[in-house]
Amino acid sequence: MPQFAPLQNDTFLRALLRQPTDYTPVWLMRQAGRYLPEYRDTRARAGSFMGLATNADYATEVTLQPLARFPLDAAILFSDILTVPDAMGLGLYFVEGEGPKFQRPLKTEQDVLALRLPEPGSLDYVFKAVTQIRSELNGRVPLIGFSGSPWTLACYMVEGQGSREFHTIKKMLYGRPDLMHHILALNARAVAEYLNAQIDAGAQAVMIFDSWGGALADGAYQQFSLNYMEQVLSQLKREKDGVRIPAIVFTKGGGQWLEQIAAIGADAVGLDWTVNLTRARALVGHRVGLQGNLDPAILFASPDQIRAEVAKVLDAYGAPAAGHGHVFNLGHGISQFTPPEHVAAMVEAVHAHSRAQRAA
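In this text, all values refer to a predicted model and were calculated from it rather than measured experimentally. (Residues numbered from 1 in each chain as written. Predicted model: local features only at pLDDT ≥ 70, side-chain atom pairs only at ≥ 80, totals over all residues. Heavy atoms only, no water.)

## Structural notes on the overall build of the protein chain
Thinking step 1. Per the secondary structure count, the protein chain includes 15 helices and eleven strands.
Thinking step 2. Whereas a compact globule of 360 residues would reach a radius of gyration of roughly 21 Å, the protein chain reaches 19 Å, a difference of no more than 12%.
Thinking step 3. In the protein chain, which comprises 360 residues, the share counted as buried stands at 57%.
Thinking step 4. For the protein chain, restricting intrachain contacts to residue pairs at least 6 apart in sequence, the fraction spanning at least 24 positions comes to 73%.
Thinking step 5. Just so you have it, the protein chain exposes about 14,500 Å², and 50% of that area is on carbon and sulfur atoms.
Thinking step 6. Positive and negative side-chain charges of the protein chain, numbering 32 and 35 respectively, have mean locations separated by a distance of 1 Å. (Helix = DSSP H or I, 4+ residues; strand = E, 2+ residues; numbered from the N terminus. Rg over C-alpha atoms; globule rule 2.2 N^0.38 Å. Buried < 20%, exposed > 50% of the residue type's maximum accessible area, 1.4 Å probe, protein only. Contact = heavy atoms within 4.5 Å. Areas by Shrake-Rupley, 256 points an atom, 1.4 Å probe, with all protein chains shown as cover. Lys, Arg positive; Asp, Glu negative; His and termini not counted. Charge placed at Lys NZ, Arg CZ, Asp CG, Glu CD.)

As structure tokens, this is what we get:
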């Protein structure tokens, strides 16, 4: 196992673990992406999205690009949530303008029962990238590893692509819940093993993205999404070489279930922009840290407006206190059309306003 440089900025990890920080740390979901011209240049050289994601040199390059521009407090591995079902044999491919699709979606009972955990070695390109990124960060900031949630992965695996209505998977969920649970149990094992391997490779925190949990009805969410995220968390390595590895869970559209999400064993809960941070903090108390939750569309406004909205989010969370923790983030991924200079204004505002809060 490689020896990594000591961590110089642990503010992000301290906030997740509800320890005191000098300011509120900030990173962005999808911070390495198409809004950066240097990312678009690297993507063109790689030839395709998967060419980028499966090459450790390219993945390292784009992971580090936003850190060269902005004083962010964490890096996040550049990859895709669908690497796991791809490694389970479903045949991931991308159609320009249409997003990811699978050649062999789970259409029949036979398809579901034939599903297997990823083949050994099939995701080594991800773990190689994690180690390389961690080495090249040289201790500057922590590295976040991630996966899609069992439910979110299943949505793509059954629908065969992204969906607005989720008719196909909901038909299976209500009509053949036994098959749905079979897929989800296998996914939970695969996700836990995948995240643990990222931790072994050098990830210093991990995040579970439940992008489609909010598509479920109350009751179904708890049974088919939350339950399986709890299973993943129960299998995760929470310490590496004597150092705590925090885990974050994020259900987009899951604000109404915040107290239940906070009870499944994560260190922090991500919030989308529909959630009131004052109320969220009151609901979770000392149980978990919170991450979020600026509306990504605000980054199309003027820098002065961005600074004002950043202040609103930080003021809604409120003054730091012992046993509480907040990581500033967007309520979802950054838009590809965002001006980079507006991101710079946001990051600067988070650091400046949160320091002023602590000085008051």
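We are not done yet, so read on.
## Overview of the sheet that holds strand β11 (residues 326–327)
Thinking step 1. Spatial strand order, β1-β4-β5-β8-β9-β10-β11: seven strands in an open sheet with parallel pairing. The strands lining the two open edges of the sheet, one partner per strand, are β1 (75–76) and β11.
Thinking step 2. Sheet topology places strand β5 (residues 205–210) next to strand β8 (residues 247–251); five bridges connect them, and they run parallel. If you follow I208 over to β8, its bridge partner there is V249.
Thinking step 3. Across the face of the sheet, helix α11 (residues 220–235) comes into contact with β5 and β8 while running at roughly 165° to β5. (Pairing = 2+ DSSP bridges. Axes fitted to C-alpha atoms, helices over the stretch in contact; angles between N-to-C directions.)

## Thoughts on the packing of aromatic side chains
Thinking step 1. Scanning the model with the defined rule gives eight aromatic pairs in all.
Thinking step 2. A centroid spacing of 5.9 Å and a plane angle of 55° characterise the contact between F127 and Y194, whose relative ring orientation is tilted. Of this pair, F127 sits in helix α7 (residues 124–137) while Y194 sits in helix α10 (residues 177–201), placing them 67 residues apart in sequence.
Thinking step 3. A relative accessible area of 3% means that Y194 is categorised as buried. (Phe/Tyr/Trp six-rings, centres within 6.5 Å; stacked < 30°, edge-to-face > 60°.)

## Let's talk about the pattern of salt bridges
Thinking step 1. Within the structure shown, the criterion is met by ten salt bridges.
Thinking step 2. A salt bridge links D267 to R238, with the nearest nitrogen and oxygen atoms 2.9 Å apart. Here D267 is found in the loop between α12 (258–261) and β9 (268–270), whereas its partner R238 is found in the loop between α11 and β6 (239–240), with 29 residues between them in sequence. For the pair formed by D267 and R238, the shared burial category is buried.
Thinking step 3. Beyond isolated ion pairs, a larger network of salt bridges with shared partners links E109, R176 and D178. (Salt bridge = Lys/Arg side-chain N within 4 Å of Asp/Glu carboxyl O.)

## A closer look at unusual backbone geometry
Thinking step 1. Put simply, G292 and N293 share a cis peptide bond, and its omega is -5°.
Thinking step 2. Turning to its location among the elements, N293 is positioned in the loop between β10 (289–291) and α14 (303–317).
Thinking step 3. Non-glycine residue R30 carries a positive phi angle of around 65°.
Thinking step 4. By secondary structure assignment, the location of R30 is in the loop between α1 (11–16) and α2 (37–46).
Thinking step 5. Positive phi is not limited to glycine here, since N138 has a value of about 55°.
Thinking step 6. If you trace the backbone, N138 turns up in the loop between α7 and β4 (143–148).

## What about the side chain of Q65?
Thinking step 1. With respect to the helices and strands, the residue Q65 is situated in helix α4 (residues 56–69).
Thinking step 2. Within the structure, the side chain of Q65 is placed 3.3 Å from the backbone nitrogen of Y39, a separation counted as a polar contact.
Thinking step 3. Residue contacts for Q65: discarding those within four places in its chain leaves L36, E38, Y39 and T42. (Polar contact = N/O pair within 3.5 Å; in protein donor to acceptor, adjacent residues only side chain to side chain.)

## Examining the nonpolar core
Thinking step 1. By size, the foremost hydrophobic cluster in this structure holds 129 residues, and its most contacted members are F12, W27, M180, I183 and M346.
Thinking step 2. Considering every element that reaches this core, the biggest residue donor is α10, with 13 residues. (Core = buried A, V, L, I, M, F, W, Y, C linked by side-chain atoms within 4.5 Å.)

## Some thoughts on the side chain of D210
Thinking step 1. Residue position: D210 is located in strand β5.
Thinking step 2. The contact partners of D210, leaving out residues within four places of it in the chain, are S149, W151, T152, Y221, S225, M229, F250, T251 and K252.

## Some thoughts on α4
Thinking step 1. Relative to the 20 Å expected for 14 residues at 1.5 Å per residue, α4 spans 21 Å between its end C-alpha atoms, a close match to the ideal helical length.
Thinking step 2. Within α4, burial applies to A56, Y58, A59, T60, V62, T63, Q65, P66 and L67.
Thinking step 3. Buried residues along α4 sit against α2, α3 (49–53), β1 and α7.
Thinking step 4. In this structure N55 caps α4, since a side-chain oxygen of it lies 2.9 Å from the backbone nitrogen of D57. (Expected span 1.5 Å × (residues − 1).)

## Comments concerning the packing of helix α9 (residues 167–175) against α10
Thinking step 1. Packing of α9 against α10 leaves a shortest axis separation of 5 Å and a crossing angle of 110°. By the angle between their axes, α9 is roughly perpendicular relative to α10. Where α9 approaches α10, its residues I169, M172, L173, Y174 and G175 are matched on the opposing element by P177, L179, M180 and I183.
Thinking step 2. Taken together, the residues that form the contact of α9 with α10 break down as eight nonpolar, one polar and no charged. (Parallel < 35°, antiparallel > 145°, perpendicular 65-115°, else oblique. Nonpolar A, V, L, I, M, F, W, Y, C, P; charged D, E, K, R; others polar.)

## As for the pairing of strand β3 (residues 99–102)
Thinking step 1. As judged from the four bridges shared by strand β2 (residues 92–95) and β3, these two strands associate in the antiparallel manner. Bridged to F94 within β3 is P100.

## Focus on the pairing of β8
Thinking step 1. Buried residues dominate β8, accounting for five of its five residues.
Thinking step 2. Both faces of β8 are covered, namely the face carrying A247, V249 and T251 and the face carrying I248 and F250.
Thinking step 3. When β8 meets β9, the two strands line up parallel, connected through three bridges. By the bridge assignment for β9, V249 is matched with V269.

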